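# Chain and residue survey
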Amino acid sequence: MAAAAARRRRARAAFALVCLGLCLWAASAVDRSNFKTCDQSSFCKRQRSVQPGASPYRALLDSVELAPDALTVHLVHEVTKVVLLLELQGLQGNMTRLRIDELKPLRPRYRVPDVLVADPPTARLSISGRDENSVELTVAEGPYKIILTGRPFRLDLLENRSLVLSVNARGLMVFEHQRLPRNSEGPKEPAEGDGTLDEEAARKADKPEENGEKDDSDEPGAWEEMFKTHSDSKPFGPTSVGLDFSLPGMEHVYGIPEHADSLRLKVTEGGEPYRLYNLDVFQYDLYNPMALYGSVPVLLAHNVHRDLGIFWFNAAETWVDISSNTAGKTLFGKMLDYLQGGGETPQTDVRWMSESGIIDVFLLLGPTVSDVFRQYTSLTGTQALPPLFSLGYHQSRWNYRDEADVIDVDRGFDSHDIPCDVIWLDIEHADGKRYFTWDSSRFPQPLTMLGHLAGKRRKLVTIVDPHIKVDSGYRVHEELQSLGLYVKTRDGSDYEGWCWPGSVGYPDFTNIKMRDWWADMFSFDKYEGSASNLFVWNDMNEPSVFNGPEVTMLKDARHHGGWEHRDIHNIYGFYVHMATAEGLKRRSGGVERPFVLARAFFAGSQRFGAVWTGDNAAEWDHLKISIPMCLSLGLTGLSFCGADVGGFFKNPEPELLLRWYQTGAYQPFYRAHSHMDTGRREPWLLPPEYLGPIRDALRQRYALLPFWYTLFYRAHRDGHPVMRPLWVQYPKDVTTFSQDDQFMLGDSLLVHPVTEPGARGVQVYLPGQGEVWYDVQSYQKHHGPQTLYLPVTLSSIPVFQRGGTIIPRWERVRRSSDCMKDDPITLYVAISPQGTAEGELYLDDGHTFNYQTQNEYLLRKFTFSGNTLTSSSADPQGHFETPIWIERVVILGAGKPASVLLRTEGMLGSVLSFHHDAETSVLTLRKPGVPVSADWSIHLR
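Calculation notes
Residues numbered from 1 in each chain as written. Predicted model: local features only at pLDDT ≥ 70, side-chain atom pairs only at ≥ 80, totals over all residues. Heavy atoms only, no water. Helix = DSSP H or I, 4+ residues; strand = E, 2+ residues; numbered from the N terminus. Rg over C-alpha atoms; globule rule 2.2 N^0.38 Å. Buried < 20%, exposed > 50% of the residue type's maximum accessible area, 1.4 Å probe, protein only. Contact = heavy atoms within 4.5 Å. Areas by Shrake-Rupley, 256 points an atom, 1.4 Å probe, with all protein chains shown as cover. Lys, Arg positive; Asp, Glu negative; His and termini not counted. Charge placed at Lys NZ, Arg CZ, Asp CG, Glu CD. Disulfide = S-S within 2.5 Å. Core = buried A, V, L, I, M, F, W, Y, C linked by side-chain atoms within 4.5 Å. Pairing = 2+ DSSP bridges. Phe/Tyr/Trp six-rings, centres within 6.5 Å; stacked < 30°, edge-to-face > 60°. Lys NZ or Arg CZ within 6 Å of the ring centre and 35° of its normal. Axes fitted to C-alpha atoms, helices over the stretch in contact; angles between N-to-C directions. Parallel < 35°, antiparallel > 145°, perpendicular 65-115°, else oblique. Nonpolar A, V, L, I, M, F, W, Y, C, P; charged D, E, K, R; others polar. Salt bridge = Lys/Arg side-chain N within 4 Å of Asp/Glu carboxyl O.

A count of helices and strands for the protein chain gives 17 helices and 51 strands. Relative to a compact globule of 941 residues, whose C-alpha radius of gyration would be 30 Å, the protein chain shows 29 Å and is just as compact. Principal-axis analysis of the C-alpha atoms gives the protein chain an extent of 90 × 80 × 50 Å. Counting over 941 residues, the protein chain shows a buried share of 64%. Residue pairs at least 24 apart in sequence account for 72% of intrachain contacts in the protein chain once pairs closer than 6 positions are excluded. In the structure as shown, the protein chain presents an accessible area of about 33,300 Å², 50% of it carried by carbon and sulfur atoms. Across the protein chain, the mean location of the 97 positive side-chain charges is 2 Å away from that of the 119 negative side-chain charges.

Enumeration according to the criterion identifies two disulfides in this entry. One disulfide bridge connects Cys38 with Cys44, the sulfur atoms lying 2.0 Å from each other. Its S-S torsion of approximately -100° makes the covalent link between Cys38 and Cys44 left-handed. The buried category is assigned to Cys38, whose relative accessible area is 0%. On the accessibility criterion, Cys44 (0% relative accessible area) is buried. Between the sulfur of Cys630 and that of Cys641 lies a disulfide, 2.2 Å long from S to S. Given an S-S torsion of about -75°, the disulfide between Cys630 and Cys641 has left-handed geometry. On the criterion of sequence distance, the pair formed by Cys630 in helix H11 (residues 620–635) and Cys641 in strand E31 (residues 641–642) is long-range, its members being 11 residues apart.

A word on the nonpolar core. Within the largest apolar cluster, 216 residues are counted, with the highest numbers of intra-cluster contacts made by Trp518, Ile571, Phe595, Leu745, Ile891 and Ile938. Discounting residues that sit within four places of it in the chain, Ile938 has contacts with Asn867, Thr868, Leu869, Val889, Val900, Leu901, Leu902, Leu912, Leu925 and Pro928. Counting 52 residues, the second largest nonpolar core, distinct from the first, contains Ala59, Tyr274, Val320 and Leu363.

With that settled, the discussion passes to the sheet that holds strand E26 (residues 496–499). Within a sheet, neighbouring strands are paired by backbone hydrogen bonds and run either parallel or antiparallel to one another. Read from one edge of the open sheet, three strands run E25-E27-E26, paired in antiparallel fashion. Edge positions in the open sheet fall to strand E25 (468–469) and E26, since each of these has one partner strand only.

Our focus in this paragraph is the packing of aromatic side chains. Taken as a whole and assessed by the stated rule, the structure comprises 45 aromatic pairs. With a centroid separation of 4.9 Å and an interplanar angle of 90°, the aromatic rings of Phe413 and Trp684 are classed as edge-to-face. Here Phe413, found in helix H5 (residues 403–415), pairs with Trp684, found in the loop between strand E32 (670–672) and helix H13 (688–703); they are 271 residues apart in sequence, far enough to count as distant. Each member of the pair, Phe413 together with Trp684, is buried. When the centroid spacing of 6.4 Å and the interplanar angle of 75° are considered together, the rings of Tyr661 and Tyr670 count as edge-to-face. Residues Tyr661 and Tyr670 agree in their burial class; the two are buried. The residue whose ring lies beneath Arg107 is Phe236, and the NZ or CZ to ring-centre distance is 3.7 Å. Positioned over the ring face of Trp612 is Arg671, at 5.0 Å from the centre of the ring.

Right, let's get into unusual backbone geometry. A cis geometry characterises the amide bond from Trp398 onward to Asn399, with omega recorded as 10°. The step from Gly784 to Pro785 runs through a cis peptide bond, and the omega angle for that step is -5°. Of note, Pro785 is situated in the loop between strand E38 (781–783) and strand E39 (786–791). Unlike most non-glycine residues, Lys228 shows phi in positive territory, near 55°.

This part takes up the environment of Val406. The topology assignment puts Val406 in helix H5. Sequence-distant contacts of Val406, defined by excluding residues within four places in its chain, comprise Tyr400, Ile423, Leu425, Phe443, Met449 and Leu453.

Sheet architecture is open: six strands sit in the order E33-E34-E35-E40-E37-E38, paired in antiparallel fashion. Bordering the open sheet on either side are strand E33 (723–724) and E38, each of which pairs with just one other strand. Note that E33 and strand E34 (residues 743–745) share two bridges and pair antiparallel. Paired with Arg724 across the bridge in E34 is Met744.

So, on to the packing of H13 against helix H14 (residues 705–718). Describing two packed helices takes the angle between their axes plus the distance from one axis to the other. Two elements in contact, H13 and H14, have axes whose closest approach is 5 Å; the angle formed by their N-to-C orientations is 55°. In terms of axis orientation, H13 runs oblique to H14. On H14, the residues touching Arg701, Tyr702 and Ala703 of H13 are Leu705, Pro706 and Trp708. Here the contact of H13 with H14 is composed, by residue class, of five nonpolar, no polar and one charged.

What follows covers the pattern of salt bridges. All told, the structure shown has 68 salt bridges when counted by the stated rule. A salt bridge links Arg154 to Asp156; the shortest N-O distance between them is 2.7 Å. In this pair, the class of Arg154 matches that of Asp156, namely buried. Note that Glu317 and Arg275 form a salt bridge whose closest N and O atoms lie 3.0 Å from each other. On the criterion of sequence distance, the pair formed by Glu317 in the loop between strand E18 (307–312) and strand E19 (318–326) and Arg275 in strand E16 (residues 274–276) is long-range, its members being 42 residues apart. Pair check on accessibility: Glu317 and Arg275 agree, each one buried. When salt bridges with common partners are traced through the structure, they connect Lys36, Glu225, Asp232, Lys234, Arg275, Glu317, Glu355, Glu550, Lys555, Glu564 and Arg566 into a single cluster.

Bringing the packing of H5 against helix H6 (residues 446–455) into the picture now. Direction vectors running N to C along H5 and H6 enclose 5°, while the axes themselves pass 10 Å from each other. Considering the angle they form, H5 stands roughly parallel to H6. Across the interface between the two elements, Glu403, Val406, Ile407 and Asp410 from H5 touch Pro446, Met449, His452 and Leu453 from H6. A per-class count over the contact of H5 with H6 returns five nonpolar, one polar and two charged.

Spelled out as structure tokens, the structure:
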């Protein structure tokens, strides 16, 4: 008993030190020494020590086998003689898949499940030529050929006679084969279905020095690795994989979030690689390649001629090196014939290095960026269509004190005429941070509180984190323990770490039984005090372990199926998000759309909800970095992104808070959130000169909700990001390629937020030869391309509507989106120099899946041409009864007509009243009064 008590005292002391460290951490910037560099990551250091040159891998061309859906060939390491199996697939839609695994592994290597929405359909490969050292393959779909070179192994992908991409051209492929520990008596009995090395191969693999190979299995960190006081046992030895890709003609690459860095990825030669490893990083530093909360291993390459994507399908810790090169340096022999533009063609080389798993890569061949978006989301899914309320404004704090505080905040929005859809509760709302519970002293009647918010047509979000307090009286813990659903240590006991509640267990979300159990916990009878207007926030799902290495889980912890945590780390948060979203669906019988915010994410997380940029700070540079961070996420499928308005840490000056509200109003996820040690920041606490512009920014957000909802429908259907870099819309304009202080919403609005203190003006780049742009406040028309100096005041949010577009708005801003959803629409028609414009409007009930299951939706297309505005159905399959009607039409860039005539099907034409402002060339048509679901036309005469 005494020993147990002593252990508890030591544990409490350790937790106190951890909490103190975290508080000190939060008070300043991140302590980088708590996180590894590449040199401190043994596999990264080993891989980086391999220099460009002739690859030791040879493709055994006489082993080529061609099946209907794939080509396979053996690769042999010419020193160790270990044989790998390469599988190559052409995929429909201009994609290629490359997988490399050991031919006869000692045990299976991890292949990432559940991320792909389906097995991608294949496009047949055929052999169209060969010689003594190469095989030429033709892809049935598209103008693509693949040249497989035997010695040294490399792949070259060509479009017609143009080289598009090369694999292993620099000879940096690494595949650390499995081997037996030196003190092992022999291989353990393999699991059912495992392959085994033959005796000779096993001997050579275990004793590479006999073959003249440097024995990396004896290098520091190969079988056990230390970081500070943490030991990572590696019972299966070094198993990292790596591969290089050369992109001739490409100088601009993007993606691989999450990093607090510029939109365009930087060359990493001579510095740290970009790291993908989900980590809980307090108040992260800016403009560096450190890992943050989420990982999407997708890189996009762009030039004026084409776009490409590389999806490195691996969930282990991954480092990415980017270098600049000249294309001719990685070509030889016959491949020189395929290089366009001579030997000075610029080239970007990308090197991926992962700690475990297999090499599994999707090459997304475009050729346009829209094609790349479509290709990637065909694999991992599109952005979930969010419920309408979630596109409104969210008010959060760690923590609102009690029910009275929540009601008072709710009342404050109404009394100050500020719209708001959601109020949030952080960890202090629960009983001792036991999730799925309420603190009875502060939230004794949660259903009454929820009912009050429902009466205001508002929602509540509570936090439910994936760490469970170890407490024998806590039902959630007792059930998980009895069912054996916690992550295990390497010796088979339940893994325990420290997080907000103290000692906690970590549910094993890789187990489908665990995910089912978790989803059921959100039923109203199990999550007592919850109601249909309560939604969920998953924080700390990296997973965060305060006393773990790098504030996360030990890599040798064990998951369902015997997999180590090192294999699955980057998809742990993905599974938490998945299970929570499923729970909110189940509680309504599959009728209602969920809303779940998650901090950690992976490829495919877009299917489950929203993400945010984590623990930022109330600093101007953190405001600026929110733009490229969300742009990078949007490029890789995660459109529903935002940053904590005002900064989570520190106290923003009023001007910074105002500018953050203005910037956030034009980013997809719009939430104010702050640390418990900061001052209260509800908008009405600011002086009137700041409150007014904040109210205006919020009203601009709500007026554009029909436009936002339509953009999210497009993201859901087609995979196009909601918030986009300018180069996506203007792919041939090199000026846009590195811009990340302004952005597009869809193809219609250009936004350049004010992100400098004391700004009196901003430099806005308006792209597009022959384009016109209309200032949405003054309606002044500007011609592109030009850099425009725009004077600004505290009230200014520089936003421009592109000529040639039509945007729907709700002009009657009310207390919440639910109060506005049946309001009439105003159309803003911005005429192009050619006298045309077009746009669309998507409508459904805003909260159910009936748009999928019952086709209950409307998609209306608006077209302006020949001085006639028409409305027609863009999707005749949809049908939706709605009282919404067209209240006004505002036409920018219009002359004054003699008359305006409205025509509807089966009705006589009627004359509309109008007003024309000659100074701004704005024509306002009053009360057309037609149902939004009807076909109609308006003629200017």
